[in-house]
Amino acid sequence: MDINVLDIKGQETGRKVTLNENIFGIEPNDHVLYLDVKRYLAAQRQGTAKSKERSEHAGSTRKLGRQKGGGGARRGDINSPVLVGGGRVFGPTPRDYSFKLNKKVKVLARKSALSYKAKDDAIVIVEDFNFDAPKTKDFINIAKNLKIDGKKVLLVLPNAEKNVYLSARNLKKAEVTTAAQVNTYNVLNADVLVVTENSLKTIDEILTK
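Residues numbered from 1 in each chain as written. Predicted model: local features only at pLDDT ≥ 70, side-chain atom pairs only at ≥ 80, totals over all residues. Heavy atoms only, no water.

1. Considerations on the overall build of the protein
Where we set the bar: Helix and strand assignments come from DSSP, with helices taken as H or I runs of at least 4 residues and strands as E runs of at least 2, each series counted from the N terminus. Between the two quantities, the radius of gyration covers C-alpha atoms and the globule rule is 2.2 Å times the number of residues to the power 0.38. Exposure classes here rest on a 1.4 Å probe applied to the protein chains alone. A residue is buried below 20% of its type maximum, exposed above 50%, and partly exposed in between. Any two residues whose heavy atoms approach within 4.5 Å at even a single point are treated as in contact. Methods summary: accessible areas were calculated by the Shrake-Rupley approach with a probe of 1.4 Å, and residue burial reflects only the protein chains presented. In this tally, Asp and Glu contribute negative charge and Lys and Arg positive charge; neither His nor the terminal groups of the chain are included. Note on charges: their place is set at NZ of Lys, CZ of Arg, CG of Asp or CD of Glu.
Counting its secondary structure elements, the protein contains seven helices and six strands. Beginning at the N terminus, the succession of helices and strands in the protein can be written as β-β-α-α-α-β-α-β-α-β-α-β-α. Here the protein has a C-alpha radius of gyration of 27 Å; the compact-globule value for 209 residues is 17 Å, and the former is much larger. The C-alpha extent of the protein, read off along each of the three principal axes, is 90 × 40 × 25 Å. Looking at the protein as a whole, 36% of its 209 residues qualify as buried. The contacts of the protein with a sequence gap of at least 6 include a subset with a gap of at least 24, amounting to 70%. For the protein, the computed accessible surface area is about 13300 Å², with 47% contributed by carbon and sulfur atoms. Counting 37 positive and 24 negative side-chain charges, the protein places the averaged centre of each group 15 Å from the other.

In structure tokens:
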């Protein structure tokens, strides 16, 4: 699949790039996509929910009533879970929600996500660029020139460019990442994938190892 390379003014440069069929042209695996998105979102969870159990409440340990004959559950002390203000039974405790996936599964998920974007004609290739200073207006102008303003945009750069990142940071529908950090969730979450020429080469190298 050949795509024209555009400059930041939205004009064709006269060059074309060929998308690797082994990355952008495979049959997407929906189950693998589900697993990798689930893994990514699980890793974002703080896991800090906590409630006090019976032993953690401050209160007297005096036995409130007789063991039997009360007509209900034995209550023990004031911290009993059956009483208002008592401890909670099996409440949440801090935990790590993240889990691991095999490397080949994660690679297949990224290839599947990229193939979906290629099928939807939602990939734009631009020549490499950088900003002399952080300026959100410049980033907005590029989006307008590429006719993708108003859409969720994921810009993939070959390396971290601080000025470009800062220019897009305040925009709700724009995200900037590097080719090495492209993940399944970000690709699927974007309406349009804007990839620079050198980023495309890096993606090829990473996903064809």
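2. Observations regarding unusual backbone geometry
One non-glycine residue with positive phi stands out, namely F90, at about 55°. Residue position: F90 is located in the loop between α2 (30–44) and α3 (103–119). Judged by relative accessible area, which is 80%, F90 ranks as exposed.

3. Here we look at the nonpolar core
Note the following rule: We define the nonpolar core as a collection of buried residues of types Ala, Val, Leu, Ile, Met, Phe, Trp, Tyr and Cys that are connected through side-chain atoms lying within 4.5 Å of one another.
F24, L114, I123, I125, V156, L193 and V195 are the most contacted members of the largest nonpolar core, which has 24 residues in total. Counting residues per element, this core draws most heavily on α3, at four residues. Every residue in contact with V156, bar those within four places of it in the chain, is listed here: T177, T178, A179, V182, L193, V194, V195, T196, S199 and I203. Counting residues in hydrophobic clusters, the runner-up holds 19 residues, among them L6, F139, A168 and V192.

4. Some remarks on empty space enclosed by the protein
Filter applied, for reference: A pocket here means an open set of points on a 1 Å grid, computed over the protein atoms alone, that has protein on both sides within 12 Å along at least five of seven lines. A cavity is instead a set of points where a 1.4 Å probe fits but cannot get out; residues with an atom within 4 Å of a point line either one. Grid points are joined across faces, edges and corners, and a volume is the space filled by probe spheres set on the points. Note on residue categories: nonpolar means Ala, Val, Leu, Ile, Met, Phe, Trp, Tyr, Cys or Pro, charged means Asp, Glu, Lys or Arg, and polar means any other residue, Gly included.
Tallied over the entire structure, the rule returns two cavities of 30 Å³ or more. Approximately 80 Å³ is the volume attributed to the largest cavity. In terms of lining residues, the largest cavity is bounded by V126, F129, F139, I142, A143, L146, I148, V153, L155 and V194. The biggest single contributor to the lining of the largest cavity is helix α4 (residues 136–145), with three residues. Class assignment of the residues belonging to the lining of the largest cavity gives a composition of 10 nonpolar, no polar and no charged. The space that makes up the second largest cavity amounts to roughly 50 Å³. As for the second largest cavity, its lining consists of R110, L114, A179, V182, I203, I206 and L207. Sorting the residues of the lining of the second largest cavity by element identifies α3 and α7 (197–207) as the ones contributing at least two each. Broken down by element, the residue count for the lining of the second largest cavity peaks at three residues, all from α7.

5. Some points on the side chain of D36
Mapped onto the elements, D36 comes out in helix α2. With sequence-adjacent residues up to four places away left out, D36 is seen in contact with L101, K106, A109 and T184.

6. So, the packing of aromatic side chains
The geometry of an aromatic ring pair is captured by two quantities: the separation of the ring centres and the angle between the planes. Our working definition: Pairing of aromatic rings covers Phe, Tyr and Trp, the last through its six-membered ring, and needs centres within 6.5 Å; plane angles under 30 degrees mean stacked, over 60 mean edge-to-face, and all others mean tilted. Working rule: Lys NZ or Arg CZ, within 6 Å of ring centre, within 35 degrees of ring normal, means a charge sits over the ring.
Taken as a whole and judged by the stated rule, the model has two aromatic pairs. Ring geometry for Y40 and Y185: centres 4.9 Å apart, planes at 15°, overall stacked. Within this pair, whereas Y40 is found in helix α2, its partner Y185 is found in helix α6 (residues 184–189), the two being separated by 145 residues in sequence. Above the plane of the ring of Y97 lies R45, whose end atom (NZ or CZ) is 3.6 Å from the centre.

7. Description of the layout of surface pockets
Size it by volume and the largest pocket reaches roughly 160 Å³. Taken together, K103, K104, V107, R110, I206, L207 and K209 make up the full set of residues lining the largest pocket. For the lining of the largest pocket, the secondary-structure elements that each account for two or more residues are α3 and α7. Examining the composition of the lining of the largest pocket, we find that four residues originate from one element, α3, more than from any other. Its residues assigned to classes, the lining of the largest pocket shows three nonpolar, no polar and four charged.

Keep in mind these values describe shape, not function.
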